Amino acid sequence: MPGSEGRSGASWTRALLPLLLLAGSGGCLSRPDLFPFGPGQGDLELEAGDDVVSPALELIGALRFYDQTDITSVYVTTNGLIAMSEPPADESYPGIFPPTFGAVAPFLADLDTTDGLGNVYYREDLTSSVFRLAAEHVQRGFPEVAFQPASVVVVTWESVAPYHGPGSSPAQESKRNTFQAVLASSNSSSYAIFLYPEDGLQFSTTFSKKDEDQVPAMVGFSQHLVGFQRNTDGAYNIFANDRESIGNLAKSSNSGHQGVWVFEIGSPATTNGIVPADVNLGSDDGAEYEEEEDYDLVTSHPYNEPSILSPGHKATERPHGTPTERTRSFQLPMEKFSQQHPQVIDVDEVEETGVVFSYNTDSRQTCSNNRHQCSVHAECRDYATGFCCRCVAGYTGNGRQCVAEGSPQRVNGKVKGRIFVGNSQVPVVFENTDLHSYVVMNHGRSYTAISTIPETVGYSLLPLAPIGGIIGWMFAVEQDGFKNGFSITGGEFTRQAEVTFVGHPGKLVIKQQFSGIDEHGHLTINTELEGRVPQIPYGASVHIEPYTELYHYSSSVITSSSTREYTVTDPGQEGATPSHTHTYQWRQTITFQECVHDDSRPALPSTQQLSVDSVFVLYNQGERILRYALSNSIGPVRDGSPDALQNPCYIGTHGCDTNAACRPGPGTQFTCECSIGFRGDGQTCYDIDECSEQPSVCGSHAVCNNHPGTFRCECAEGYRFSEGGVCVAVVDQRPINYCVTGLHDCDIPQRAQCIYTGGSSYACSCLPGFSGDGRACQDVDECQLSRCHPDAFCYNTPGSFTCQCKPGYQGDGFRCVPGEVEKTRCQQEREHILGAAGATDAQRPSLLGMFVPECDEHGQYVPTQCHGSTGYCWCVDRDGRELEGTRTRPGMRPPCLSTVAPPIHHGPAVPTAVIPLPPGTHLLFAQTGKIERLPLEGNTMKKTEAKALLHVPAKVIIGLAYDCVDKMVYWTDISEPSIGRASLHGGEPTTIIRQDLGSPEGIALDHLGRNIFWTDSQQDRIEVAKLDGTQRRVLFETGLVNPRGIVTDSVRGNLYWTDWNRDSPKIETSYMDGTNRRILAQHNLGLPNGLTFDAFSSQLCWVDAGTHRAECLNPAQPGRRKVLEGLQYPFAVTSYGKNLYYTDWKMNSVVAVDLAISKETDTFHPHKQTRLYGITTALSQCPQGHNYCSVNNGGCTHLCLATPGSRTCSCPDNSLGVDCIERK
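Each value, and the rule that gives it
- Residues numbered from 1 in each chain as written.
- Predicted model: local features only at pLDDT ≥ 70, side-chain atom pairs only at ≥ 80, totals over all residues.
- Heavy atoms only, no water.
- UniProt positions renumbered as here; feature names shortened; annotations may be inferred.
- Buried < 20%, exposed > 50% of the residue type's maximum accessible area, 1.4 Å probe, protein only.
- Helix = DSSP H or I, 4+ residues; strand = E, 2+ residues; numbered from the N terminus.
- Pairing = 2+ DSSP bridges.
- Phe/Tyr/Trp six-rings, centres within 6.5 Å; stacked < 30°, edge-to-face > 60°.
- Lys NZ or Arg CZ within 6 Å of the ring centre and 35° of its normal.
- Core = buried A, V, L, I, M, F, W, Y, C linked by side-chain atoms within 4.5 Å.
- Contact = heavy atoms within 4.5 Å.
- Salt bridge = Lys/Arg side-chain N within 4 Å of Asp/Glu carboxyl O.
- Axes fitted to C-alpha atoms, helices over the stretch in contact; angles between N-to-C directions.
- Polar contact = N/O pair within 3.5 Å; in protein donor to acceptor, adjacent residues only side chain to side chain.
- Lys, Arg positive; Asp, Glu negative; His and termini not counted.
- Disulfide = S-S within 2.5 Å.

- Looking at an unreviewed UniProt entry, one finds the protein named Nidogen-1 and attributed to Jaculus jaculus.
- Entered under Subunit (unreviewed entry) in the UniProt record, the comment concerning the protein runs "Interacts with FBLN1. Interacts with LGALS3BP. Interacts with PLXDC1. Interacts with SVEP1."
- Among the UniProt annotations of the protein, the heading Subcellular location (unreviewed entry) holds the following wording: "Secreted, Extracellular space, Extracellular matrix, Basement membrane".

Overview of the pairing of strand β76 (residues 1130–1136)
For step 1, the next point in the chain: Of all seven residues in β76, six are buried, a share of seventy percent or more.
For step 2, the next point in the chain: Here β76 hands over to strand β77 (residues 1139–1144) after two residues, with Gly 1137 in that stretch at a positive phi of 65 degrees.

Here we look at the packing of aromatic side chains
For step 1, the next point in the chain: In this structure the tally under the stated criterion is 32 aromatic pairs.
For step 2, the next point in the chain: Taking the centre distance of 6.0 Å and the plane angle of 35 degrees together, the rings of Phe 37 and Tyr 121 count as tilted. Taken as a pair, Phe 37 in the loop between α2 (8–11) and β1 (44–45) and Tyr 121 in strand β7 (residues 119–125) lie far apart in primary sequence, 84 residues in all.
For step 3, the next point in the chain: Both rings, one in Tyr 1129 and one in Trp 1145, keep their centres 5.5 Å apart while their planes meet at 0 degrees; by these two values the pair is stacked. Taken together, the positions of Tyr 1129 in the loop between β75 (1120–1125) and β76 and Trp 1145 in the loop between β77 and β78 (1149–1154) put the pair 16 residues apart, joining distant regions of the chain.
For step 4, the next point in the chain: Here the aromatic residues Phe 107, Trp 157, Phe 179 and Phe 203 are joined through ring pairs into a cluster of three or more.
For step 5, the next point in the chain: The residue whose ring lies beneath Arg 887 is Trp 874, and the NZ or CZ to ring-centre distance is 4.1 Å.
For step 6, the next point in the chain: Over the ring of Phe 1036 we find Arg 1077; its NZ or CZ atom is 4.7 Å from the centre of that ring.

Remarks on the sheet that holds strand β5 (residues 103–108)
For step 1, the next point in the chain: Taking strand neighbours across the sheet as the criterion, the six strands line up as β2-β3-β4-β5-β13-β14 in an open arrangement whose pairing is antiparallel. Lying at the two open borders of the sheet, with one neighbouring strand each, are β2 (57–65) and β14 (236–240).
For step 2, the next point in the chain: Sheet topology note: the strand β3 (residues 68–76)/strand β4 (residues 82–83) ladder contains two bridges and is antiparallel. Bridge pairing in β4 links Val 76 to Ile 82.

Comments concerning the nonpolar core
For step 1, the next point in the chain: Ranked by internal contacts, the top residues of the largest apolar core, which has 62 residues, are Ile 419, Leu 464, Trp 473, Ile 544 and Tyr 628.
For step 2, the next point in the chain: Ignoring any residue separated from it by four or fewer positions in sequence, one finds Tyr 628 in contact with Ser 446, Tyr 447, Thr 448, Ile 450, Leu 461, Leu 462, Leu 464, Ala 465, Ile 467, Gly 468, Phe 616 and Val 617.

A closer look at the pattern of salt bridges
Once their charged atoms are close, side chains differing in charge can pair, the charge on each being opposite to the other.
For step 1, the next point in the chain: Applying the stated rule across the entire model yields 40 salt bridges.
For step 2, the next point in the chain: Between Arg 400 and Glu 492 there is a salt bridge, and its shortest N-O distance comes to 3.1 Å. Taken together, the positions of Arg 400 in the loop between β23 (395–397) and β24 (402–404) and Glu 492 in strand β29 (residues 492–501) put the pair 92 residues apart, joining distant regions of the chain.
For step 3, the next point in the chain: A salt bridge links Glu 976 to Lys 955, with the nearest nitrogen and oxygen atoms 3.4 Å apart. Remark: Lys 955 occurs in the loop between β59 (947–951) and β60 (957–963) and Glu 976 occurs in the loop between β61 (968–973) and β62 (978–983); sequence separation between them is 21 residues.
For step 4, the next point in the chain: Note on Glu 976: relative accessible area 37%, which makes it partly exposed.
For step 5, the next point in the chain: Residues joined in a network through salt bridges with shared partners are Arg 825, Asp 877, Asp 879 and Arg 881.

Some words on the sheet that holds strand β64 (residues 1000–1006)
In a beta sheet, neighbouring strands are held together by backbone hydrogen bonds and run either parallel or antiparallel to one another.
For step 1, the next point in the chain: Judged by pairing direction, the sheet is antiparallel, and its four strands sit side by side in the order β64-β65-β66-β67 without closing on themselves. Every interior strand has two partners, whereas the edge strands, β64 and β67 (1033–1036), have only one. Across the sheet, the axes of successive neighbouring strands diverge by a mean angle of 25 degrees, strand direction being ignored.

Here we look at the environment of Trp 157
For step 1, the next point in the chain: Tracing the backbone through its elements, the reader meets Trp 157 in strand β8 (residues 151–162).
For step 2, the next point in the chain: Judged by relative accessible area, which is 0%, Trp 157 ranks as buried.
For step 3, the next point in the chain: The spatial distance from the C-alpha of Trp 157 to the C-alpha of Phe 179 is 5.5 Å, given a sequence separation of 22 residues.
For step 4, the next point in the chain: Looking at Trp 157, its side chain comes within polar contact range of the main-chain oxygen of Thr 77, at 3.2 Å.

Things to note about the side chain of Asp 1094
For step 1, the next point in the chain: Note on placement: Asp 1094 falls in strand β72 (residues 1088–1094).
For step 2, the next point in the chain: At 9.4 Å, Arg 1052 is the nearest oppositely charged side chain to Asp 1094, a buried residue that forms no salt bridge.
For step 3, the next point in the chain: Apart from residues no more than four positions distant in its own chain, Asp 1094 is found in contact with Gln 1099 and Ser 1135.

Observations regarding the state of the cysteines
For step 1, the next point in the chain: Tallied over the full model, the rule gives 23 disulfides.
For step 2, the next point in the chain: One disulfide bridge connects Cys 691 with Cys 704, the sulfur atoms lying 1.9 Å from each other. Because the sign of the S-S torsion sets the handedness, a value of about -70 degrees for the bond joining Cys 691 and Cys 704 places this disulfide among the left-handed ones. Pair noted here: Cys 691 is in helix α9 (residues 690–693) and Cys 704 is in strand β42 (residues 702–707), with a separation of 13 residues, a long-range link.
For step 3, the next point in the chain: The disulfide that involves Cys 1196 links it to Cys 1209, with 2.0 Å between the sulfurs. Judged by the torsion about the S-S bond (-75 degrees), the Cys 1196/Cys 1209 disulfide is left-handed. Separated by 13 residues along the polypeptide, Cys 1196 in the loop between β80 (1175–1178) and β81 (1199–1203) and Cys 1209 in strand β82 (residues 1206–1210) bring together distant segments of the chain. Cys 1209 matches Cys 1196 in its accessibility class, with the two residues each being buried.

What follows is the structure in structure tokens.
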């Protein structure tokens, strides 16, 4: 469509939603109609200025945006924009749209609040009044949607001024704009509400610092930049970007209320673009508009050239005179088209018929396309207005979430707090603290533990048992006709509670977000505490008498309030009369989504009474763990202790098995009934092995696997599940699409693609960047084809290449022009010091006594900085700040790690998937953003066959470990920081740990016990976890300064590690459970870095960058031997056969050392000469041997940690211990 392409430039300035669709209402939006804002509403205020970005606003309720479902923080800017991630400091905005980060822009322009020129307010609001107001706006714009917010973010730009540049209009100096953006989220969708009050937009253009001219503001959304070029598939939508359309924002609407615009921004419907509301009140209701004879419909855009608006799909052409249909997702019928030919569809190509577009009005949601929203243990039913989910017999819940009746439940989550204790003016702050809860459902008893609570606040939080009591309400024992919290909400709700302590100033606010059942079958919760509590003395105990609480129910909202007492007994007065009795008042609001379509479902009682007894609270000062335990029952409102409450089912004296439900009868009679999947008399229940009792339960060609309370079926190899749920042979399906089944002979997916040609035929084709017949593809060296600019360096990579301009030139490598890029912080600091000293050369005598920072080739701080005069060296972070505990004596350079990944240069994207490893034994080594493989033939490095195994450009990979059982490589990354892994069979890498890490460096693996161990030099500790990153436990957090290398002896159950502490370097050992810790070597060490253990020879060897030696010892024998001296700067080491292989920072090489003759025998120089880090050996098969954790996890419930000749069963940190058994 050449015509469309020719007008694409005009579409950039004429991209308002077609005004024929947007008839406004007669009533104007006044400022009092905005959402409440200001300091009185608890708003945070953005710092005054120009181009200011707020700190992260951490959200209790997750925000959904396009296809993202887990945005937990946003950033607010002066310039009318809300960012989904922190905007890069070097990215100017407003600038080219879309930006590289996700953005919501109600009025993107260069705004200014300097010297009192307006204010920007922002907050997350969890109050019911704001929830109602947000729901009203959303339902006005989307009448068919039943929306109940769980979180609302309110951002207000009040009386903000335009930026005044040299070319600014004097008439604008007194102009001010007021507008508001509201982001409302439920557990399944998010909406944006933009509000523009009458006379709120007094200017529509601002002075652009970049263009040095007046440019219009913009209203739109941007998903984010998926790759590092603007030609990837991230979507963006622009709804207004010229003077006329901006001027109409306060006059019109897409939701039926003038000045209010509503958009669906996060749900399954927004994967490819934002969905605007489409309420049309008719042209008679709207204001008059200037006629637009030529404007474009803007749909969802990928990131293409920034100078045009190009939709991500091509619209199907329609004949003139036929109205074009559009769906609710605001996209024409579409199909993919080449990005090299962007197109837009002009509305004026369609004959105007009064209403240009029509909508599909059949918006009723049915089970046929929403069955996935119900639990697998629920049935879906259609009703006149929609569908509802209902748990099947034997299960309880709200249908979306169901659990077996009577089965114990686990709840996991995080807690953060900012609490003032007593009259203190300094808050106690804690974050990322673990919460674990275990619930015996048939007793209604919940056990909750919150870990690492500081002593300064621990005892003072003892009265707050209802923090965990909300879990007790969820699983309270239900009396006949009454429902506990899980039956009502399915564990998906938001709770906000306010605690007032009578006679004590201030109050405490508790915000909790429950997010349903995760993939492990556990409920998830996030808790936030903020406010003031009375001080309780160290060592005191708190007693809370049984109490009742009334819960009042209305549509999707539950409220309660109560006044009760707690008693504090001072330390040393046990047995005496309690010295203090206090009163506190509780108010709470619970909001959730309920299914309104099922009129036949019995209505909930408007008021229910929660009875709580056997309240136990404890703060363990040594472990810093806060524990709450409560028993809960839900029933009718009663006074005193009614007879009904004496039924053993309600008071927990029934004695039923923990996997049984208690069924109350008349009076005190009851029966115990085993949960589904269990058998017995109810007093004792045994798991039913369905696989043994019903051998044919899975049908033919299937394997049955028994699990507690259930079973699972898997098809045998060569078979797959049909739509009817039976296993059918793959060969029985004709025709066969071999490309889908994977039974083709094309080269691996990283080098070739399989093309289905119909029937059972297919063709193979090499991917771009590779050559061959498709069955065998070779990498094309694009650098030989002169693809980069003559003034650029070219770097070849598998299937791709990158270009980088030479020093003295700037550009993207494909186009380089003379000139210098903007100087980095390191370069600026260096020039400032040199300039102040009147020097241009850091080595001149005039600089004696001064420290001049050293920058690398990219302008970043070199991780190791040294003082030229004193000779002291130390490590620095990415901002040049010295890291504590790293300064070494003169003449010794500490082994510092760079946390900054090198810049990624423009070029074709490099696949991140693992290129499968060929057979044999390989060395794997890390080189900043990638892992390479180096095959071994015997002990000889096959240097010509070295290849990249995995590309992860944004990471700085340090440590490597290999799992010979599952053929997986594990690594530590200090840039995020995180711990990840990838299968050497191929596929995408995954991150298994990213929380509570400082600088993870060394990593080791016990292939028998299935655990990983790692060192953290910032946290100064050593941890262990299962291979999937769960069940973390700190082994050591004392006596460590700079721990780095770590290895295991799996068969003997020993652990070894290095600590390059500049004052006292050492090599230590312990059993894998952390016991029997001792020092193996501490004399004549300098900077011990890498460590390796050879299971065949029982030799522990290390390389030392301070003494420049490689040494070995046998841990069971005295003495050690020097293998080799004169090493340059060794970092990591591994062993195989008779050789050691180490990485060296000065040579940027892998060096082989023959242990038998103590001599370097070979050196491998990678193609890319950058610093090498970790190295490990990927064995072709596992070493022989076993330990006590090899079989059945050693009989442990959680962590099995091997020791010499035995094992220890350990619990993860912060666990309750109720379902975890620790034993030797």
